[in-house]
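Listed here are the chains, written in short residue letters.
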Amino acid sequence: MKKTSHFIDLSGLEDNLKVKATETFALPEGFFVSHDEAQKYVKACCRLAWQLHLVQPPMVVSTEPTAYDKNIHNLWYECSDDTNSEIQDYIWPILYYYKGGGVAAKGRVMLSKGQIHDESETTMQEI
């Protein structure tokens with residue numbers, strides 16, 4: 001199945017993602033029709049999500065925790081270098097080999113000035 005995953009029709013997933021993105025980011029009606037690069041990006045994201053889902057156990061992406069941890073985060077180059085700050089935004093999520101597994105790729109984050117929250121538990125979403 002992994003070898004043929006690129007033949008799977010993901011248009012339904014792509015359509016759902018476009019609807020959700022349009023609602024979440026208040027995009028104008030028809031945004032994806034008039035922006036070819038945005039359509040290509042959605043296709044690539046859906047294809048990657050599908051391929052990550054096929055791996056056993058499934059790989060996991062996460063935008064948690066909200067406290068900066070140098071073991072699982074890299075700083076975005078334009079943000080404060082005060083590592084005693086909480087995360088303001090995820091530029092790129094953390095990629096785990098599997099739920100509860102090691103970090104395959106650190107998340108890229110932008111920090112805000114503030115106190116670190118003591119959050120020892122990380123929640124993850126399976127793709």
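Read on for an overview of the structure. Since the model is a prediction, treat every value here as computed from it, not as a measurement. (Residues numbered from 1 in each chain as written. Predicted model: local features only at pLDDT ≥ 70, side-chain atom pairs only at ≥ 80, totals over all residues. Heavy atoms only, no water.)

So, the pattern of salt bridges
What counts, and what does not: Any carboxyl oxygen of Asp or Glu that lies within 4 Å of a side-chain nitrogen of Lys or Arg is treated as forming a salt bridge with it. Put simply, DSSP marks the helices as runs of H or I at least four residues long and the strands as runs of E at least two long, and each gets a number from the N terminus on. Exposure is judged per residue with a 1.4 Å probe applied to protein chains only, and the accessible area is read against the type maximum: over 50% gives exposed, under 20% gives buried, and values in between give partly exposed.
Applying the stated criterion across every chain, the model contains 3 salt bridges. Two residues, Lys 40 and Glu 37, come together in a salt bridge whose shortest N-O distance is 3.5 Å. Taken together, the residues span about one helical turn, with Lys 40 and Glu 37 both in helix α3 (residues 36–54) at a distance of 3 residues. For Lys 40, a relative accessible area of 46% puts it in the partly exposed group. With relative accessibility at 57%, the residue Glu 37 sits in the exposed group. One network of salt bridges, in which partners are shared, links Asp 36, Glu 37 and Lys 40.

Observations concerning the packing of aromatic side chains
Filter applied, for reference: What counts as a ring pair is set by centres within 6.5 Å for rings of Phe, Tyr and Trp (its six-membered ring), and what kind of pair is set by the plane angle: stacked under 30 degrees, edge-to-face over 60, tilted for all other angles.
Considering all chains together, one arrives at 1 aromatic pair under this definition. Relative to Phe 32, the ring of Phe 31 lies with its centre 5.2 Å away and its plane at 90 degrees, an arrangement referred to as edge-to-face. Side by side, Phe 31 and Phe 32 carry an identical accessibility label, which is buried.

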